[in-house]
Amino acid sequence: MFAVSATSGRVYRLSLGVLAGSVYEVGDVGWAVVGEDLWAFLDRLRNDLIEAVRT
């Protein structure tokens, strides 16, 4: 699962968490920054998909 921070704009990959209503709770190790902003994340995802199709 991924989430975008409303304050920083960073994109996070969430894991090892629990969905409690509309809140996804994670511990200290249940997340990782995967993009400095949404557009950078989407661009990287697009490039990864293009490479996957080419190989």
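Worth saying up front: this structure is predicted, and the values here are computed from it rather than measured.

Undergrad: Account for the packing of aromatic side chains, with residues named and values stated.
TA: Two numbers describe a pair of aromatic rings. These are the distance of the centres and the angle of the planes. Scanning all chains against the criterion turns up two aromatic pairs. Aromatic pair Phe2 and Phe41: ring centres 5.1 Å apart, planes at 45°, arrangement tilted. Of the two residues, Phe2 is situated in strand β1 (residues 2-4) and Phe41 in helix α1 (residues 38-54); the sequence distance between them amounts to 39 residues. The buried category is assigned to Phe41, whose relative accessible area is 13%. Ring centres of Tyr12 and Trp31 lie 5.6 Å apart, and the angle between their planes is 70°; this geometry places the pair in the edge-to-face category. In this pair, Tyr12 is assigned in strand β2 (residues 11-14) and Trp31 in strand β5 (residues 31-35), connecting sequence segments 19 residues apart.

Undergrad: So what's going on with the sheet that holds β1? Which residues, and what values?
TA: Taken in spatial order, the three strands make up an open sheet running β1-β2-β5, and their pairing is antiparallel. Of all the strands in the sheet, just β1 and β5 have a single pairing partner and so form its edges. The average undirected angle you get between the axes of adjacent strands in this sheet is 35°. Sheet analysis places β2 next to β5, joined by four bridges and oriented antiparallel.

Undergrad: So what's going on with the pairing of β2? Residues and values would help.
TA: Where β1 and β2 come together, three bridges link them in antiparallel fashion. Its bridge partner lying in β2, Val4 is registered against Val11. Here β1 hands over to β2 after six residues, with Gly9 in that stretch at a positive phi of 85°.

Rules used throughout
- Residues numbered from 1 in each chain as written.
- Predicted model: local features only at pLDDT ≥ 70, side-chain atom pairs only at ≥ 80, totals over all residues.
- Heavy atoms only, no water.
- Phe/Tyr/Trp six-rings, centres within 6.5 Å; stacked < 30°, edge-to-face > 60°.
- Helix = DSSP H or I, 4+ residues; strand = E, 2+ residues; numbered from the N terminus.
- Buried < 20%, exposed > 50% of the residue type's maximum accessible area, 1.4 Å probe, protein only.
- Pairing = 2+ DSSP bridges.
- Axes fitted to C-alpha atoms, helices over the stretch in contact; angles between N-to-C directions.

Such coordinate-based values are descriptive only and should not be taken to indicate function.
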